[in-house]
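Inside the fold
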Amino acid sequence: MAKHKTLYEDCDVLVVGGGMAGTGATFEARHWGRDMKIICVEKANIDRSGAVAQGLYAINCYMGMQWGENQPEDHVRYARNDLMGMVREDLGYDMARHVDSTVHMFDEWGLPMMKNEKTGRYLREGKWQIMIHGESYKPIVAEAAKKSADKIYNRIMITHLLMDEAKENRVGGAVGFNMRTGDFHVFRAKTVIVAAGGASHIFKPRAVGEGMGRTWYAPWSNGSAYALPIAVGAKMTQMENRIVLCRFKDGYGPVGAYFLHLKTYTQNANGENYEKKWYDQTKELVGEYIDHHPTPTCLRNHAFIQETIAGGGPIHMVTTEAFQDPHLETVGWENFLGMTVGQAVVWASQNIDPKYTNPELTTSEPYVMGSHATCSGAWVSGPEDLSPPEYFWGYNRMLTIEGLFGAGDTVGGSAHKFSSGSFTEGRLAAKAAVKYIQDQKAEGIKVTDKQCDDFKEAIFKPLETYTVAQNEITGGTVSPSYISPIQGLQRLQRIMDEYVGGIATNYMTNGNMLKRGLELLAWLEEDLEKVGAEDLHQLMRAWELKHRALTSQCVTEHTMFREETRWPGYYYRGDHMKLDDDNWHCLTVSRRDPKTGKFTLEKVPVYHIVDENEKKKAS
Ligand SMILES: Cc1cc2nc3c(=O)[nH]c(=O)nc-3n(C[C@H](O)[C@H](O)[C@H](O)COP(=O)(O)OP(=O)(O)OC[C@H]3O[C@@H](n4cnc5c(N)ncnc54)[C@H](O)[C@@H]3O)c2cc1C
């Protein structure tokens, strides 16, 4: 252990993860906490990290309140509808009422926004989306964070949260290691804002072998946002609500601009509108939800999946009509150049010119996220002026651990935030975190050297395990004494894929499969004590895997608890195939006991605040 230097940093606000939410939090913390010490720690480099690393072509969440285009209430209704009723409306409303100001700052900071030539307004791609030339999106928000922070630490992976030893259930900071130098970093902090993105690669991806790593969601998003709070006993919500995306096959290029701006549409291999074919069957499963407009994302997936199972595939996007218009053709290609260059390369390699050939679509493996068309994540307090008592405990976006805040993919219950809403939520969390400190709530935090030293030993153990055992084998990678991170990852992915509703079973699972999945996950957890890392990069892989495995346990427990199929098209409970509003029109909340590792789950009411308030106003 002596060879790994220990470096200490004491601060007021510690931001874990410098993606969209983390840069927003870092920026806003400085606004409210002028004299405070603000540190942001990032696993990669904040100039190009997180889901927006490569850039985006649209900001997917903008109300346009200045022009009366949409109001926050409209967005709450939209997200509620898309998530089949299950959202935290207080959180959604709070984000929506502030998101425009965030976008206006992006504009001021130099993000190239497309404008509607006739109206002078931001160019709409859809009701909520505005179009940008967004290759430089991430460096621009990173610059705002760099100017605000006392220090940005790049290349440090946070592995554990520190807990206060003076007061129960209060955070005390975080620890991690530098993946280039091997130094051990201790950040003692008065508040911590976790903004570490969602989780890809917990389910086996479609692309394996030669295509490994080619997924829709960023392969480096490893579930730290969930594992860090779960490990210290924070409550989580809606972790069963994983997301499956319909995207262009193999490159996972986005379809939003194609549907909304280019007005392309889908059809089965026989040129039929297959969505209509599945209407009656879907109505049987979910009732009137299928008649909602727009059709919830999961239900559109459902028709795709059923049509494919029934032999109607491949499913195609009809591009050959729109691409005859040279302007739309340019937009179609630029859409990829600004954010998913790989899709253009895939088409080139497969001789697909979308002007003449309709490209294939696919449904992805499931991912766990809190900011897209899905709302898995931590159970947080809402804002004082909006939240019912069950949703409010003092500080906006504070988890059930005192002083621990979340934003972006970390926060559960608030879907459809996207890049702008995640940055906004980071701002909201930071404002509350500063207030928490100003209210003297973070006084007297005690973090002993023993707590830190114990983590240090645990963090570097995979290097030790490998070093001691490496000579037991003379060739290959199969050791009697350790498993490598990739071996552990592939084992995890198979368990999740085959038992928890991945692509192997067409997203199907049931109580018995989940029970077996949990047993296998428990054994994996045991074996991960013996993960071996040959270098610092593999050490990062080892910790990414441990975070993914803990996230997976939570996902599986939640999926087992909700005995209905709430989101057909995201996953199916074969033993409870129908949506069951009588028993399950509620949010699910879990807590893992840090001492025993056992999860307990409960139902929590879902309050439809927006329309309730309107009803009250009317009466
Ligand atoms: C493929 C894809 C396409 C999208 N397209 C759009 C779009 O067109 N428009 C739009 O508005 N939104 C889009 N989004 C949504 C948007 O990207 C997310 O909502 C947003 O990035 C979420 O912000 P976040 O900060 O929670 O996560 P991220 O932005 O992903 O940031 C998480 C950060 O945490 C870091 N991190 C992770 N673990 C650790 C750790 N242990 N220690 C330290 N750091 C860590 C990561 O490196 C990363 O920098 C898209 C998302 C995806 C995945």
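Look a little higher up for the structure.
An account of the accompanying structure is given in this report. (Residues numbered from 1 in each chain as written. Predicted model: local features only at pLDDT ≥ 70, side-chain atom pairs only at ≥ 80, totals over all residues. Heavy atoms only, no water.)

**Details of the packing of aromatic side chains**
Both the distance between ring centres and the angle between the ring planes are used here to describe each pair of aromatic rings. Worth spelling out the cut-off: In summary, the pairing rule links any two rings of Phe, Tyr or Trp, Trp by its six-membered ring, whose centres are within 6.5 Å, and it sorts them by plane angle into stacked for under 30 degrees, edge-to-face for over 60 and tilted for everything else. Where helices and strands are cited, they refer to DSSP runs of H or I of at least four residues and of E of at least two residues respectively, numbered from the N terminus. Relative accessibility thresholds used throughout: buried, under 20% of the residue-type maximum; exposed, over 50%; partly exposed, between the two (1.4 Å probe, protein chains only). Consider the ring centre and the ring normal. A charge sits over the ring if Lys NZ or Arg CZ is within 6 Å of that centre and within 35 degrees of that normal.
What the rule picks out here adds up to 32 aromatic pairs. Taking the centre distance of 5.6 Å and the plane angle of 85° together, the rings of Trp 379 and Tyr 391 count as edge-to-face. Here Trp 379, found in the loop between β14 (377-378) and β15 (404-406), pairs with Tyr 391, found in the loop between β14 and β15; they are twelve residues apart in sequence, far enough to count as distant. Accessibility classification places Trp 379 together with Tyr 391 in one group, the buried group. Centroid distance Trp 379 to Trp 393: 6.4 Å. Interplanar angle 35°. Geometry classified as tilted. A residue pair is termed long-range when its members are at least 10 positions apart, and Trp 379 in the loop between β14 and β15 and Trp 393 in the loop between β14 and β15 qualify at 14 residues. Residue classification places Trp 379 among the buried residues on the basis of a relative accessible area of 5%. The structure contains a cluster of three or more aromatic residues connected by ring pairs, namely Phe 248, Tyr 258, Phe 323, Trp 333, Phe 336 and Trp 347. One Lys or Arg, Arg 242, reaches over the ring of Tyr 571 and ends 4.2 Å from the middle of that ring. We note Lys 603 situated over the ring of Trp 584; from NZ or CZ to the ring centre the distance is 4.2 Å.

**Side note on the site of the ligand**
Rule in force here: Any residue with at least one heavy atom within 4 Å of a molecule or strand is counted as near it. Polar contact is the term for a pair of N or O atoms within 3.5 Å; when the atoms are in protein, one must be able to donate a hydrogen and the other to accept it, and sequence-neighboring residues count only if both atoms are side-chain atoms. Here the Shrake-Rupley method, with its probe set to 1.4 Å, supplies the accessible areas, and only the displayed protein chains count as covering residues.
Lining the immediate surroundings of the ligand are 32 residues, of which Ala 21, Glu 42, Ala 58, Ser 371 and Ser 419 lie closest. Interatomic distance of 2.9 Å between a backbone N/O atom of Asn 60 and an oxygen atom of the ligand. Contact with the protein chains removes 95% of the 1000 Å² of surface that the ligand exposes when unbound.

**Focus on the pairing of strand β18 (residues 586-592)**
What counts, and what does not: If DSSP finds at least two bridges between two strands, the strands pair.
For β18, the tally of buried residues reaches six of seven residues, placing the bulk of the element in the interior. The pairing of strand β9 (residues 236-237) with β18 spans two bridges and is classified as antiparallel. Considered in β18, the bridge of Met 236 is made with Ser 590. Joining the antiparallel neighbours β18 and strand β19 (residues 599-605) is a turn of six residues, in which Gly 597 adopts a positive phi near 75°.

**Considerations on the packing of helix α1 (residues 20-32) against helix α12 (residues 418-438)**
Our working rule: All axes here are fitted lines through C-alpha atoms, helices being fitted over the stretch that makes contact, and every angle between N-to-C directions spans 0 to 180 degrees. By the definition adopted for this analysis, an angle is roughly parallel if under 35 degrees, roughly antiparallel if over 145, roughly perpendicular if from 65 to 115, and oblique otherwise. Should the near helix be turned anticlockwise from the far one by less than a right angle, the crossing is termed left-handed; should it be turned clockwise, right-handed. Contact criterion: two residues are considered in contact whenever any of their non-hydrogen atoms come within 4.5 Å of each other. Just so you know the grouping, Ala, Val, Leu, Ile, Met, Phe, Trp, Tyr, Cys and Pro go in nonpolar, Asp, Glu, Lys and Arg go in charged, and all remaining residues, Gly too, go in polar.
For the pair α1 and α12, the least separation of the axes is 7 Å and the interaxial angle reads 40°. Comparing their axes, α12 and α1 come out oblique. Taken as a pair, α1 and α12 cross one another with a handedness that is right-handed. Here Met 20, Ala 21, Thr 23, Gly 24, Ala 25, Phe 27, Glu 28, Ala 29 and Trp 32 of α1 lie close against α12, whose contacting residues are Ser 419, Ser 422, Phe 423, Gly 426, Arg 427, Ala 430, Lys 431, Val 434 and Gln 438. When grouped by side-chain class, the residues that make up the contact of α1 with α12 number nine nonpolar, six polar and three charged.

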